[in-house]
Amino acid sequence: MFGIVRPCRHRLGEKLTAQWTAHLCGLCLALRGDHGQLARIVTNYDGLLISVLTEAQADPGGSTGRRTAGPCPLRGMRTASVAHGEGARLAAAVSLVLASAKVRDHVADGDGLLARRPVALAARRVAAGWGRAGARTGSDVGFDTAVLVDAVDRQTGIESLAGPGTPILTVTEPTETATAAAFAHTAVLAGRPRNAAPLAEAGRLFGRLAHLLDAVEDGEADAASGAWNPLTATGTSLDEARRLADDAVHGIRLALREAEFTDGGLAHRLLVHELPNSVRRAFGTPSCAHGSHPYAPPGAPGAPGGPTPPEPPRRDRRGLLAGCAVWLGLACTCQLCCGTYEDPWTRERKEGCLHNCDCDCCDCCECCNCCNCGGEDGCCSGCDCGCDC
């Protein structure tokens, strides 16, 4: 599961954590229901924002809603109420088309096992199938995925021409266009056409932010491997990238104020309060105390005042398809959800999605619980409370 929005369950609280999980499971099941088991590997944290935004605008009892899903290994074989309907299907369509483009990009670059012709051929077939499937599902919900395909195609051409002095926003523009279209269509699905313009602006800035943070996080790895990186290629400094990222976060907040929501609590939490944490994480600002040493006693390695734990040995990354095979193995247990596991691709130690935490201080949970984002009387009402924990 990939994405820049990785919410902290401590800040979300029980209610919003349940809602977030419902959308994550809803996206996964929409992919399986329409496109088969293999399609579930494109489930991603950012894709579920489409489902979240659709439900946040929808009238109760409309075409979006919840259903009870059967037992799943990722939920410890428990049933759950999950999101379903057009929002989840739109999220699935967008995820499939963009994943298809990502696989084609890896094939073109000859990454890992994809340098081998038989593997590359199989990957191309999978990518082509995902692209067609995404287009079909998009058409079913009235969304033309051609805008996404066009953005991906233009991205390749722009990157090939970019060099020192090229504005970084020229490079991020295709991503901005694609996410703007997806965000805006949630207003159409929810029957709130007046929301299309502000959500398109929020989506445009979200696409910019995602592109920038991805470039920052991949900077060292790209430099070591000689891979193309937009910041390096255009000569954009980290200070400038940080300025643009902070501006994008602020712009998203302003754009969301112009939209009307039926229940915007989760959307507000993810797009207003979690995005600043994503920026801090990407740029190396110290983050969650919960995640840094959750069980270390005083004086122990990793605990405050204790010795620095030794660096784990560096391990080689797996290729795309090998990583996918490992992911499928993990999917047979509940580790991806609530356990500790080795990342299928990078081999880094990971916590399950329900244990992710990017808090900036030990008191952040109390601070955010008082906000109860989305409530009319909560301190986050209007987004001017300064509660940026």
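Look up: the structure comes first, before these words.
Residues numbered from 1 in each chain as written. Predicted model: local features only at pLDDT ≥ 70, side-chain atom pairs only at ≥ 80, totals over all residues. Heavy atoms only, no water.

Counting secondary structure elements, the chain contains 15 helices and four strands. Counting only residues that meet the buried cut, the chain has 49% of its 389 residues in that class. Restricting to contacts in the chain with at least 6 residues of sequence separation, those with at least 24 account for 68%. With an accessible surface of roughly 18300 Å², the chain has 54% of that area assigned to carbon and sulfur atoms. (Helix = DSSP H or I, 4+ residues; strand = E, 2+ residues; numbered from the N terminus. Buried < 20%, exposed > 50% of the residue type's maximum accessible area, 1.4 Å probe, protein only. Contact = heavy atoms within 4.5 Å. Areas by Shrake-Rupley, 256 points an atom, 1.4 Å probe, with all protein chains shown as cover.)

Attention now moves to the packing of aromatic side chains. Across all of its chains, the model carries two aromatic pairs by this definition. Between the aromatic rings of Trp 20 and Tyr 45, the centroid separation amounts to 5.6 Å while the plane-to-plane angle is 40°, which identifies the pairing as tilted. Taken together, the positions of Trp 20 in helix 1 (residues 9-35) and Tyr 45 in the loop between helix 1 and helix 2 (48-57) put the pair 25 residues apart, joining distant regions of the chain. Both residues of the pair, Trp 20 and Tyr 45, belong to the buried class. (Phe/Tyr/Trp six-rings, centres within 6.5 Å; stacked < 30°, edge-to-face > 60°.)

Moving on, we come to the nonpolar core. Counting 78 residues, the largest nonpolar core has Phe 206, Leu 209, Leu 271 and Leu 275 as its most contacted members. Leu 275 has contacts with Ile 4, Val 5, Phe 206, Leu 209, Val 249, Ile 252 and Leu 270, leaving out every residue within four places of it along the chain. (Core = buried A, V, L, I, M, F, W, Y, C linked by side-chain atoms within 4.5 Å.)

The subject of this paragraph is the packing of helix 5 (residues 146-161) against helix 6 (residues 168-189). At their nearest, the axes of helix 5 and helix 6 sit 8 Å apart, and the two run at 175° to each other. Classed by the angle they form, the pair helix 5 and helix 6 counts as roughly antiparallel. Facing Val 147, Leu 148, Ala 151, Arg 154, Gln 155, Ile 158 and Glu 159 of helix 5, the residues of helix 6 in contact are Thr 170, Val 171, Glu 173, Pro 174, Thr 175, Thr 177, Ala 178 and Ala 181. Split by residue class, the contact of helix 5 with helix 6 holds eight nonpolar, four polar and three charged. (Axes fitted to C-alpha atoms, helices over the stretch in contact; angles between N-to-C directions. Parallel < 35°, antiparallel > 145°, perpendicular 65-115°, else oblique. Nonpolar A, V, L, I, M, F, W, Y, C, P; charged D, E, K, R; others polar.)

This part is about the pattern of salt bridges. Tallied over the entire structure, the rule returns 14 salt bridges. With a closest N to O distance of 2.9 Å, Asp 34 and Arg 89 form a salt bridge. Taken together, the residues span a long stretch of sequence, with Asp 34 in helix 1 and Arg 89 in helix 3 (residues 86-109) at a distance of 55 residues. A relative accessible area of 36% means that Asp 34 is categorised as partly exposed. For the salt bridge of Glu 173 with Arg 154, the shortest nitrogen-to-oxygen distance reads 2.6 Å. Of this pair, Glu 173 sits in helix 6 while Arg 154 is found in helix 5, placing the two residues 19 residues apart along the sequence. Taken together, the shared-partner salt bridges connect Glu 176, Glu 201, Arg 204 and Arg 208 into one network. (Salt bridge = Lys/Arg side-chain N within 4 Å of Asp/Glu carboxyl O.)

The next thing to look at is the packing of helix 7 (residues 196-217) against helix 10 (residues 238-257). Where helix 7 contacts helix 10, the two axes come as close as 9 Å, and the packing angle between them is 155°. Judged by the inter-axis angle, helix 7 sits roughly antiparallel to helix 10. The two elements helix 7 and helix 10 meet at a crossing, and its hand is left-handed. In contact with Pro 198, Leu 199, Glu 201, Ala 202, Leu 205, Phe 206, Leu 209, Leu 212, Leu 213 and Val 216 of helix 7, helix 10 contributes Leu 238, Ala 241, Leu 244, Ala 245, Ala 248, Val 249, Gly 251, Ile 252, Ala 255 and Leu 256. A class-by-class count of the residues in the contact of helix 7 with helix 10 yields 18 nonpolar, one polar and one charged. (Left-handed = near helix turned anticlockwise from the far one by under 90°.)

Below, the discussion takes up the environment of Glu 176. Take Glu 176: it is sitting in helix 6. A sequence separation of 28 residues divides Glu 176 from Arg 204, and the C-alpha atoms of the two residues are 4.2 Å apart. The contacts of Glu 176, once residues within four sequence positions are left out, are Leu 169, Gly 203, Arg 204, Gly 207 and Arg 208. A polar side-chain atom of Glu 176 sits 2.7 Å from a polar atom in the side chain of Thr 172. (Polar contact = N/O pair within 3.5 Å; in protein donor to acceptor, adjacent residues only side chain to side chain.)

This part covers helix 2. Here helix 2 lies mainly inside the structure; nine of its ten residues are buried. Every buried residue belonging to helix 2 is among Leu 48, Leu 49, Ile 50, Ser 51, Val 52, Leu 53, Thr 54, Ala 56 and Gln 57, and all of these are buried.

Our focus in this paragraph is the side chain of Thr 145. Secondary-structure assignment places Thr 145 in the loop between helix 4 (117-140) and helix 5. Those residues within four positions of Thr 145 in sequence are excluded, and the remaining contacts are Val 97, Gly 134, Ala 135 and Gly 138.

Taking 1.5 Å per residue as the helical rise, helix 4 with its 24 residues ought to reach 34 Å, and the 35 Å between its terminal C-alpha atoms agrees with that figure. Buried within helix 4 we find Ala 120, Ala 123, Ala 127, Trp 130, Ala 133, Gly 134, Thr 137 and Gly 138. (Expected span 1.5 Å × (residues − 1).)

Turning next to the environment of Leu 31. Looking at where Leu 31 falls in the secondary structure, it is placed in helix 1. Leu 31 sits 103 residues away from Gly 134 along the chain, and the two C-alpha atoms are 9.5 Å apart. Dropping the residues within four chain positions of it, Leu 31 is found in contact with Gly 36, Ala 39, Arg 40, Val 42, Thr 43, Ala 92 and Leu 96.

Once that is clear, we can look at the environment of His 211. The residue His 211 is located in helix 7 in this model. With a relative accessible area of 14%, His 211 lands in the buried category. As a C-alpha pair, His 211 and Thr 175 span 36 residues in sequence and 7.1 Å in three-dimensional space. Sequence-distant contacts of His 211, defined by excluding residues within four places in its chain, comprise Gln 155, Val 171, Thr 172, Thr 175 and Pro 230. Here the side chain of His 211 touches Thr 175 through a polar contact of 3.0 Å, side chain to side chain.

Everything listed is a geometric property; what it means functionally is a separate question.
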